[in-house]
Amino acid sequence: MFFKCSVTGVPPPAEACERQWSAFRVTALKRQTKKPAGRLRSGTGEAPPADERLTPESGKRWRKRLIRLLALLLVTVLPLCGLEVILRMAGYGYSTGLFKSMRIGGEEFLVENDSFSFRFFPPELARTPGPIRMKPVKPPGTCRIFILGESAAMGDPEPGYGAARYLEVLLRERFSGTKFELINVAFTAINSHVILPISRECAAREGDLWIIYMGNNEMVGPFGPATVFGAKAPPVELVRLGLALQETRVGQALAALGRRLKSKSSGAASWGGMQMFLGNQVTPDSPRREEAYRSFRRNLDDILRAGRESGARIILSTVAVNLKDCPPFASTSSARLPDGDRARFEGLLRDGAAQEGQSRFDEAARYYEQAAGLDVFSSEAQFRWGRCLLRLNNAPAARSHFQGACDLDALSFRTDSRLNQIITNAARHWAGREESRLEGGAPGVLLFDAAGWVGQAGAAGIPGDESFYEHVHFNFDGNYRLALGWAEQAAQLLPASATRSATAGWASQELCERRLGLTDWNRTIVAEGMVRRMKQAPLSAQSNNDRRMASLQGRVNELRRGMDTAGAAQAREIYLDAIRRAPEDYGLHENFASFLVATGDAAGATAQWQQARKLIPQDYLSNYRVGELLAMQGKLTEAETPLLAAAAQRPFISDPWFELARVHTAQGKLEQSLAEFARARRLRPSDPDYAYQWGRTLALLNRRAEAIGQFREAVRLNPDSWPAHDALGGQLGLQGDIAAAKDEFKHVIRLKPDYGRAHLNLGVALLKEDQAGSAAVEFQEALRLEPTNTVAADYLRQARAAASRKP
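Let me sum up the structure you'll find in this document. These numbers come from a predicted model, not from an experiment.

## Some words on the overall build of the chain
For the chain, the count of helices and strands is 32 helices and 7 strands. Overall, the C-alpha framework of the chain stretches about 130 × 70 × 70 Å when taken along its three principal axes. Residues counted as buried form 51% of the 807 residues belonging to the chain. Element-wise, carbon and sulfur atoms account for 53% of the exposed surface of the chain, whose accessible area totals about 37900 Å².

Dropping the structure here:
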């Protein structure tokens, strides 16, 4: 009803209008509150209390509250909406989607969005999946498979030879009538908090099959209890609220402001690998672990829901980890252990180690058993106990204690038994849900016990270094075995149309590796990269690291014996054959380029990277490698364009800036190179080579004090860098600090005794200190190493003459 204060159109006095309005409201309220006889308060048998009945006074109160609420909305929500519009119009912020559209070769594709992970990591630490290239609409006759997970599922240390790549070959070789499209959306350092939004994006992309292999980063990834990327183990509800807010530009601005304020006190962030987490140990009984398990369970359930609601069939894997040959990264003691028991515990560990060193494994096991009984949180005691039991051929008990060591590890980089149990329970739950079943009643979610499958290849069924390089990352044998397990499960879930043309049996590991272009040169590159990785903490601190590194180095030496001209020609043919079979496989072009660099064909490698760039122009790495190789060939001007493109694509990656600085130094553009070196060092402050190269440029500009500072920093970061010691000695000598220069040249000779120039420089320093006899010895060694060195010969004559004048 519409009420008028005046029917004449002339407004009455305000008081009269208010009286009429009140009278109307009272009448209306009486009509509304008049109830039929016998009508009582719902479900109670009582009449409503007087204070709950609508009265003129309560109506005024509610009207005031509504006005206040509207005012609050006006002063908060509307300005925020306006700010959101302004920020978007100004181009501020980033897209939070996993995929973005791009035209490649005149066709529309979906590729990876490099800014996807900015909600989870600071830009300087942002991780991204490998290159993605897929049609927005799945082509007819194509079976699209998504791989979801972390670095192990990605294929680290070399995704080109990861389990997903082996799986692609296995399926392609057995079901040749079907086109398989594997989209690997796994990447390093993420966990279920990140994989959930990834899964929701994949749900809209017509996947036929999902393979989920996750759990290793649940404690150390974003929002984990040991993370370095932000809040530690907040409730999953708060995590999701924060991520939802960062889908807005206002939320992104607030998050960026928070990071900027934090960085003023904590310093600039840079990626440091596993050693970034050394200070974030989490005890086995920490409440934060429980929150992580709760979040994982909730996220996993929602990931499975997204997959099944999209129509995808799902292989949900338990996660295999190295139990037998991976000592715990950090072992903590119970805070409740009395001092006396702590001393006894340490003594038992020492006694056990002594017995184990003498191969008295039975005695050692008893000591470790007592130690583990004293301190139930000690992962080290559990691991040693398991190791002795294995040597005593008690494999079931040994496995139990190896698993216990993994579960108690205070630096939890491995999926523990609790997480694997959550995975198992989730698969069984979804397999039993009626709405999740396929036509015919088969489950739409299939559990694959990858932990047990991979363990079958290990000694006594315990997974170890026969499958892994270190804690979770597979070697070539391990990747093939995991892929074979996935393939057998996939064959049960693939649509019937995809499996009609099946051949008998799966392709061998050898055939898969031929199709992937895996040669001894590529094996060597991967092994040498792992050796470098094992020199860094926490891997370097593990008790078996020396043996592990020696084994890898021995493998490298063995491979190099067969890497001759004939072997290179044969390997080249393997690549050419693989590329003829799959010309649009950019991974093959990249790995062929690595092989060509290793065999000295920089021009051929450049051509392969250029071909890869045509296929995946969104990938910064292809531009970077093209620029790097052009610079290697002395084509400095040509190198600038792809390097600048790489820097523009990924401004938070240091490598393009560093290579640009080297190019501009070689071109004599020293001031420009200094700015690029400075930017590269801000992004990666712990790299000794960055400090060394920056120092060289400063030395060319005669900024000696600054150059000395950078060389000292390079030596601090890597005391075994003989080029840094050599450069530092040279600058100290020019500054007149002969004694300090002499010490640096001695370091160079210790690290690289066959470097003639170091002997020459040390001889000059000794001659200036009037030690002519010692100087002559160094000049003689320089001439022995470099017989045509006329400068050394001249100094040798001077030293002998000076020595002869001495009484």
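## Comments concerning the side chain of Asn 545
Structurally, the position occupied by Asn 545 is in helix 18 (residues 545-561). In this structure, Asn 545 is in contact with Met 534, Leu 539 and Ser 540, ignoring residues within four places of it in sequence.

## Some words on the pattern of salt bridges
It is possible for side chains of opposite charge to pair when their charged atoms get near one another. By the definition in use, this model includes 46 salt bridges. A salt bridge links Asp 585 to Arg 165; the shortest N-O distance between them is 3.0 Å. Of this pair, Asp 585 sits in the loop between helix 19 (565-581) and helix 20 (586-598) while Arg 165 sits in helix 4 (residues 163-174); the two residues are 420 residues apart in sequence, bridging distant segments of the chain. In terms of burial, Asp 585 and Arg 165 fall into one category: buried.

## Regarding the packing of aromatic side chains
Applying the stated criterion across every chain yields a total of 25 aromatic pairs. Relative to Phe 595, the ring of Phe 592 has its centre 6.1 Å away and its plane inclined at 15°; by these criteria the two rings are stacked. In this pair, Phe 592 and Phe 595 both sit in helix 20, 3 residues apart, roughly one turn of the helix. Side by side, Phe 592 and Phe 595 carry an identical accessibility label, which is buried. Through a chain of ring-to-ring contacts, the aromatic side chains of Phe 121, Phe 229, Phe 277, Phe 329 and Phe 413 assemble into a single cluster. When the ring centre of Trp 506 is taken as origin, the NZ or CZ atom of Arg 174, which lies over that ring, is 4.5 Å away. The ring of Trp 453 has Arg 481 sitting right over it, with the charged end atom 4.3 Å from the ring centre.

## Looking at helix 6 (residues 236-245)
Here helix 6 has its buried residues at Val 236, Val 239 and Leu 243. For helix 6, the buried positions fall inside an angular range of 55° around the axis, keeping them on one side. Buried residues along helix 6 sit against helix 5 (192-202) and helix 8 (287-309).

## Some points on the environment of Ile 86
Take Ile 86: it is sitting in helix 2 (residues 56-89). Ile 86 gets classed as exposed once you look at its relative accessible area, which sits at 54%.

## Re the nonpolar core
Membership of the largest hydrophobic core comes to 217 residues, with the highest contact counts inside it found for Val 185, Ile 198 and Tyr 213. Considering every element that reaches this core, the biggest residue donor is helix 15 (residues 476-493), with 9 residues. Every residue in contact with Val 185, bar those within four places of it in the chain, is listed here: Leu 98, Phe 99, Pro 129, Ile 132, Phe 146, Ile 147, Leu 148, Ile 198 and Cys 202.

## Thoughts on the environment of Leu 700
Tracing the backbone shows Leu 700 in helix 26 (residues 688-700). Using a relative accessible area of 53% as the deciding quantity, one classes Leu 700 as exposed. Taking the C-alpha atoms as reference points, Leu 700 and Gly 668, separated by 32 residues in sequence, lie 9.4 Å from one another. Those residues within four positions of Leu 700 in sequence are excluded, and the remaining contacts are Thr 665 and Leu 670.

## Some words on the packing of helix 22 (residues 620-632) against helix 24 (residues 654-666)
Two numbers describe how helix 22 lies on helix 24: the axes approach to 10 Å, and their chain directions differ by 20°. If you check the angle between helix 22 and helix 24, you find them roughly parallel. Two packed elements cross with a definite hand, and for helix 22 against helix 24 that hand is left-handed. Where helix 22 approaches helix 24, its residues Tyr 620, Tyr 624, Glu 628 and Ala 631 are matched on the opposing element by Asp 655, Pro 656, Glu 659 and Val 663.

## Some details on the side chain of Glu 291
Tracing the backbone shows Glu 291 in helix 8. The class for Glu 291 is buried, based on a relative accessible area of 18%. One polar contact links Glu 291 to Arg 294, side chain to side chain, over a distance of 2.8 Å.

About the cut-offs
- Residues numbered from 1 in each chain as written.
- Predicted model: local features only at pLDDT ≥ 70, side-chain atom pairs only at ≥ 80, totals over all residues.
- Heavy atoms only, no water.
- Helix = DSSP H or I, 4+ residues; strand = E, 2+ residues; numbered from the N terminus.
- Buried < 20%, exposed > 50% of the residue type's maximum accessible area, 1.4 Å probe, protein only.
- Areas by Shrake-Rupley, 256 points an atom, 1.4 Å probe, with all protein chains shown as cover.
- Contact = heavy atoms within 4.5 Å.
- Salt bridge = Lys/Arg side-chain N within 4 Å of Asp/Glu carboxyl O.
- Phe/Tyr/Trp six-rings, centres within 6.5 Å; stacked < 30°, edge-to-face > 60°.
- Lys NZ or Arg CZ within 6 Å of the ring centre and 35° of its normal.
- Arc of directions from axis to C-beta.
- Core = buried A, V, L, I, M, F, W, Y, C linked by side-chain atoms within 4.5 Å.
- Axes fitted to C-alpha atoms, helices over the stretch in contact; angles between N-to-C directions.
- Parallel < 35°, antiparallel > 145°, perpendicular 65-115°, else oblique.
- Left-handed = near helix turned anticlockwise from the far one by under 90°.
- Polar contact = N/O pair within 3.5 Å; in protein donor to acceptor, adjacent residues only side chain to side chain.

Read these as spatial facts, not as claims about activity.
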